[in-house]
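Coordinate inspection notes
Spelled out from the first residue to the last, the chains are:
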Amino acid sequence: MITKCQLILGLLFSFMLMAVVTVFAVEEVKVSEYGNGKQIWFEAELFDERDENEVYKLGKGEGAKEPTDGAYGDIVTNSGGDGWLRYNFDISLAGGEAGDWRFIGRVINPNNHSDWLWVLGDDGDEIPKEKPGHFQKDVEIIFEENTPEWAWVRTGIFGADGGTVNKLRDGENVMIIYTRQSSNLVQYDVFLWSSDLEYEPTNEDYENAEVATLPVNPKGLLTTTWGNLKNR
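Each value, and the rule that gives it
Residues numbered from 1 in each chain as written. Predicted model: local features only at pLDDT ≥ 70, side-chain atom pairs only at ≥ 80, totals over all residues. Heavy atoms only, no water. Helix = DSSP H or I, 4+ residues; strand = E, 2+ residues; numbered from the N terminus. Core = buried A, V, L, I, M, F, W, Y, C linked by side-chain atoms within 4.5 Å. Buried < 20%, exposed > 50% of the residue type's maximum accessible area, 1.4 Å probe, protein only. Contact = heavy atoms within 4.5 Å. Salt bridge = Lys/Arg side-chain N within 4 Å of Asp/Glu carboxyl O. Pairing = 2+ DSSP bridges.

For the rest of this paragraph, the subject is the environment of Val55. Within the fold, Val55 resides in the loop between β3 (49–50) and β4 (56–58). In sequence terms Val55 and Thr77 are 22 residues apart; their C-alpha atoms lie 8.5 Å from each other.

Structure follows, in structure tokens:
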């Protein structure tokens, strides 16, 4: 039989675990209101899921590549082959609303090794199990730029928007990066979405952005959508 003392200790332990989860979650996302819009920022290594072969790997954390000086924390790089990364993000944390948003990345990519970007809703209501065939066009391309040093890349293909401008939904959204050309030369550091399509981020903007408080056990579209759609 569980004693009163054991019950109290169990409850205290549960609260301690919740506190740890809360602290971790708070550090995952930043928000801001620069220019004429809202922004939500997250570091590339904080992906929610990746392909079973783990083609995209952490630079330092998994020994794939030593991050170039100036990186914020770790980086993600392509270790070779076709894979994908999934990110869930909630624009309501930044006070954002549905509409056109621009995807921007802080990257190093010396040989313009681009990738594909797929966004739930804008590119379809069912998440593809494999790299979609319709990506044989320029409009979905991201990071097709020569970027030898850390830079905030806001265009998709040699100065054009490419796949960077997408229609986001109110609240929670899902984005997936699929391999197109990316290699171990590429380093993904920080990603952001901005409702001001002309906004040009700086390192100082990211550093000064506010940490967003996330719920301890978030429930809703992000979890259920991915679970339902990938099993279709």
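From this point, the narrative continues.
In a soluble, globular protein the nonpolar side chains are often hidden away together inside. By size, the foremost hydrophobic cluster in this structure holds 30 residues, and its most contacted members are Tyr87, Phe103, Met175, Ile177, Tyr188, Phe191 and Trp193. The set of elements that each furnish at least two residues to this core consists of β1 (29–32), β2 (39–43), β6 (84–90), β7 (99–109), β8 (115–119), β12 (172–179) and β13 (187–194). Contacts of Phe191, omitting those with residues within four sequence positions, involve Ile40, Trp41, Phe42, Ala44, Tyr87, Phe103, Ile104, Gly105, Phe143 and Ile177. Core analysis: the next-biggest nonpolar cluster, separate from the first, contains 10 residues, Trp84, Ile141, Ile157 and Val174 among them.

Taken as a whole, this structure holds 10 salt bridges when the rule is applied. In this structure, the salt-bridge partner of Arg102 is Asp161, at a minimum N-O distance of 3.1 Å. You can see Arg102 sitting in strand β7 and its partner Asp161 sitting in the loop between β10 (147–153) and β11 (165–168), a full 59 residues away along the chain. Arg102 gets classed as buried once you look at its relative accessible area, which sits at 5%. Across the pair Asp125 and Arg169 runs a salt bridge, and its minimum N-O distance is 2.6 Å. Here Arg169 lies in the loop between β11 and β12 and Asp125 lies in the loop between β8 and β9 (141–142), a separation of 44 residues in the sequence. Here the salt bridges share partners, and the residues they tie into one network are Arg50, Glu54 and Glu62.

Of all seven residues making up β6, six are buried, and the element is well covered by its neighbours. In terms of strand pairing, β6 meets β12 through seven bridges, oriented antiparallel. Bridge assignment links Tyr87 to a residue of β12, and that residue is Met175.

Pairing is antiparallel across the open sheet formed by five strands, whose spatial order is β3-β6-β12-β8-β9. The two strands at the open ends of the sheet, each matched to only one other strand, are β3 and β9. Pairing between β8 and β9: two bridges, direction antiparallel. The residue of β9 that forms the bridge with Asp115 is Ile142.

Next up on the list: the pairing of β7. In regular strands, side chains alternate between the two faces of the sheet. By the criterion of burial, β7 is predominantly enclosed, with nine of the 11 residues buried. Taken together, the four bridges between β7 and β11 define a ladder with antiparallel strand orientation. Paired with Gly99 across the two strands is Leu168, which belongs to β11. Of the strand pairs in this sheet, β7 and β13 are connected by seven bridges, and their pairing is antiparallel. Bridge assignment links Arg106 to a residue of β13, and that residue is Val190. The pairing of β7 with β10 spans four bridges and is antiparallel. Directly across from Asn109, in β10, lies its bridge partner Thr147.

These results come straight from atomic positions and should not be treated as a statement about function.
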